[in-house]
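Here's the letter readout for the chains.
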Number of protein chains: 2
Amino acid sequence: MKVLEEKIREEGRVLSEGVLKVDAFLNHQIDPSLMVQIGKEFANRFRDNHITKIITLESSGIAPALTAALELGVKVVFARKRKSLTLTDHVHVAQVYSFTKQETNEISISKEYLSEEDHVLIIDDFLANGQAALGLLELVQQAGASVAGIGIVIEKSFQEGRSKLEAAGVRVESLARIAELADGEVTFLEHTAGGTTK
Amino acid sequence: MKVLEEKIREEGRVLSEGVLKVDAFLNHQIDPSLMVQIGKEFANRFRDNHITKIITLESSGIAPALTAALELGVKVVFARKRKSLTLTDHVHVAQVYSFTKQETNEISISKEYLSEEDHVLIIDDFLANGQAALGLLELVQQAGASVAGIGIVIEKSFQEGRSKLEAAGVRVESLARIAELADGEVTFLEHTAGGTTK
């Protein structure tokens, strides 16, 4: 997605060979018009898949999930990273280890809002090691729901997230795929492969 | 806001005299079309106030803040509830005590995304004791920015949040104002006062 790649080049910051900071428009400050374009792109890629619900993970997944849900005319459920006092029973739960924060969180979705009748699109902001996406996938499986695919805003293609998800038989659609972070520069996968960028 | 009050009556659950659960459309599952209406209502109430930025608090504030920001043509910044490894320096920080979770969180916004040139609309999902709103207000003050007002989706008017904010000289606009939670029923303020509900 060209407009997203341009935004990453202009406003993203490469902190190390593994870390891209996109706090300027996705993870802390949010650019609403970019989010609408991202939502439309996800909707276009999954429009024929009869999605009934989008699930994501708080907090940075909420904005792109919401704009995609608006386009597809479905509701969003965001998984919570730990239990709150008003939501302790009747939840699907999975463990997710965060390499960034170096901690394990319990993520949960109430059984009320995800059922075996649902055909789910999972959306998240980043795909790196795949821990969050696999955790969300586990919640969907616990609910007996089916998965249409996973929509990712920014994929760090040099990490193993995509291969793990594909090994689990899940379709992965990433709007920007990063081949390399080096010398403060972002190299996108399609560009290095000489292909065109959507 | 009539459509919101109806939604609260239909899908909200009164768990006790102090607790209203709106996980069905706001705090866990999100109804995107309702969020768009909420965003438009906030925008209408603050359209002449030359807002430059909306700030909110993760996670449940993000959806209504995003739809309001889309209408007003400004960016959103969501305050984080604790520091992450990629955002440790150059932040405004305030302490917020949560009565629901019985814990104190540090909330923070990067100095990069909030400056003295900003005229801010603060948006949050709930107003009860006012702790979160006062924390956000403190972040804005630390930045030297000015505040146009605070937009709240659901106000528990029987708690002291609004009076604290008004005492601080801040305009509060709440889309639904709850006078009482009793016997499993929600009573709205405008209805008890015999007035009409917007």
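Residues numbered from 1 in each chain as written. Chains lettered and ligands numbered in written order. Predicted model: local features only at pLDDT ≥ 70, side-chain atom pairs only at ≥ 80, totals over all residues. Heavy atoms only, no water.

K.L.:
Just checking my understanding: could you explain the overall build of chain A for this structure?
P.N.:
Scanning chain A from terminus to terminus reveals 6 helices and 11 strands. Taking 16 Å as the expected radius of gyration for a compact globule of 198 residues, we find that chain A reaches 16 Å, a close match to that expectation. Oriented by its inertia axes, the alpha-carbon framework of chain A measures out at about 50 × 40 × 35 Å. Here chain A holds 198 residues, and the buried ones make up 58% of them. A fraction of 61% describes how many contacts in chain A between residues 6 or more apart in sequence connect residues 24 or more apart. About 8,000 Å² of surface is accessible on chain A, with carbon and sulfur atoms providing 44% of the total. Across chain A, 22 positive and 29 negative side-chain charges occur, with their mean positions spaced 2 Å apart. (Helix = DSSP H or I, 4+ residues; strand = E, 2+ residues; numbered from the N terminus. Rg over C-alpha atoms; globule rule 2.2 N^0.38 Å. Buried < 20%, exposed > 50% of the residue type's maximum accessible area, 1.4 Å probe, protein only. Contact = heavy atoms within 4.5 Å. Areas by Shrake-Rupley, 256 points an atom, 1.4 Å probe, with all protein chains shown as cover. Lys, Arg positive; Asp, Glu negative; His and termini not counted. Charge placed at Lys NZ, Arg CZ, Asp CG, Glu CD.)

K.L.:
Got a minute to help me understand the environment of Glu11 of chain A in this structure?
P.N.:
Residue and element names in this part refer to chain A. Along the chain, Glu11 turns up in helix H1 (residues 2-11). Residues Glu11 and Lys40, spaced 29 residues apart in sequence, show a C-alpha to C-alpha distance of 21 Å. In contact with Glu11, other than residues within four places in its own chain, are Lys21, Ala24 and Phe25.

K.L.:
When you look at the nonpolar core in this model, what are you seeing that I'm missing?
P.N.:
Judged by nonpolar contacts, the single largest core of 131 residues is most densely connected at Leu4, Leu20 and Ile54 of chain A together with Leu4, Leu20 and Ile54 of chain B. Not counting residues up to four positions away in its chain, the partners in contact with Ile54 of chain A are Ala65, Ala68, Ala69, Leu72, Val74, Lys75, Val76, Val77, Leu121 and Ile123 of chain A. (Core = buried A, V, L, I, M, F, W, Y, C linked by side-chain atoms within 4.5 Å.)

K.L.:
Sorry, what's going on with the interface of chain B and chain A here?
P.N.:
Interfaces are often described in size by the accessible area the parts lose on coming together. The interface of chain B with chain A comprises 48 residues on the first partner and 48 residues on the second. Both faces considered, chain B and chain A share a buried interface measuring about 3,900 Å² in area, 59% of it formed by carbon and sulfur atoms. The tally of links from chain B across to chain A stands at 6 salt bridges. Among the salt bridges present, the one from Arg80 of chain A reaches Asp23 of chain B, with a minimum N-O distance of 3.1 Å. There are 21 residue pairs in polar contact (both at pLDDT 80 or more) connecting chain B and chain A. Elements with a minimum of two residues in the side of chain B that touches chain A: strand E3 (29-30), helix H2 (32-46), helix H3 (62-72), strand E5 (75-79) and strand E7 (103-110) of chain B. Tallying contributions element by element places H3 of chain B first for the side of chain B that touches chain A, with 6 residues. Here the residues of the side of chain B that touches chain A sort into 22 nonpolar, 14 polar and 12 charged. Bridge count between strand E5 (residues 75-79) of chain A and E3 of chain B: 2 bridges; the pairing is antiparallel. (Buried area = accessible area lost by both parts, 1.4 Å probe. Salt bridge = Lys/Arg side-chain N within 4 Å of Asp/Glu carboxyl O. Polar contact = N/O pair within 3.5 Å; in protein donor to acceptor, adjacent residues only side chain to side chain. Nonpolar A, V, L, I, M, F, W, Y, C, P; charged D, E, K, R; others polar. Pairing = 2+ DSSP bridges.)

K.L.:
How do you make sense of the confidence of the model for chain A when you look at a structure like this?
P.N.:
Do not read the predicted coordinates in detail wherever pLDDT is low. Within chain A, residue pLDDT values average 92, and 92% of them lie at 70 or more. This model gives residues 192-198 of chain A a pLDDT under 50, and the stretch forms 12 contacts once residues within four places in sequence are excluded. (pLDDT = per-residue confidence, 0-100.)

K.L.:
Explain the sheet that holds E5 of chain B here, please?
P.N.:
Across a sheet, paired strands are connected by hydrogen bonds in the backbone, their directions being either parallel or antiparallel. The 7 strands lie next to each other as E3(A)-E5(B)-E4(B)-E8(B)-E9(B)-E10(B)-E11(B), forming an open sheet whose pairing is mixed. Either end of the sheet is taken by a strand with one partner, and the two such strands are strand E3 (29-30) of chain A together with strand E11 (185-188) of chain B. Sheet topology note: the strand E4 (residues 53-57) of chain B/strand E8 (residues 119-127) of chain B ladder contains 3 bridges and is parallel. Bridge pairing links Lys53 of chain B to Val120 of chain B in E8 of chain B.

K.L.:
Looking at this model, I keep getting lost on the side chain of Asp31 of chain B. Mind explaining?
P.N.:
If you trace the backbone, Asp31 of chain B turns up in the loop between E3 and H2. Residue classification places Asp31 of chain B among the buried positions, given a relative accessible area of 8%. A polar contact of 3.0 Å, which involves the side chain of Asp31 of chain B, links it to the side chain of Ser33 of chain B. For Asp31 of chain B, the side chain forms a polar contact with the main-chain nitrogen of Leu34 of chain B, separated by 3.2 Å. Not counting residues within four places of it along the chain, the set of residues in contact with Asp31 of chain B comprises Lys75 of chain A together with Lys7 and Phe25 of chain B.

K.L.:
In this structure, what is going on with the packing of helix H1 (residues 2-11) of chain B against H2 of chain B? I would like to understand it.
P.N.:
All names here are of chain B. Viewed as axis vectors pointing N to C, H1 and H2 meet at an angle of 140°, and their least axial separation amounts to 10 Å. For the element pair H1 / H2, the angle class is oblique. Considering how the two elements wind past one another, H1 and H2 form a crossing that is left-handed. Residues Val3, Leu4 and Lys7 of H1 touch H2, and the partners they reach there are Leu34, Gln37 and Ile38. Of the residues belonging to the contact of H1 with H2, the class tally is 4 nonpolar, 1 polar and 1 charged. (Axes fitted to C-alpha atoms, helices over the stretch in contact; angles between N-to-C directions. Parallel < 35°, antiparallel > 145°, perpendicular 65-115°, else oblique. Left-handed = near helix turned anticlockwise from the far one by under 90°.)

K.L.:
Would you mind showing me how to read the pattern of salt bridges here?
P.N.:
Where charged atoms from two side chains of opposite charge approach closely, those side chains can pair. All names here are of chain A. Applying the stated criterion across every chain yields a total of 26 salt bridges over all chains. For Arg45, the salt bridge identified is with Glu173, shortest N-O distance 2.8 Å. In this pair, Arg45 is assigned in helix H2 (residues 32-46) and Glu173 in strand E10 (residues 172-182), connecting sequence segments 128 residues apart. You can call Arg45 buried: its relative accessible area is 14%. By relative accessible area, which is 17% here, Glu173 ends up buried. Through salt bridges with shared partners, a single network forms among Glu41, Arg45, Arg171 and Glu173.

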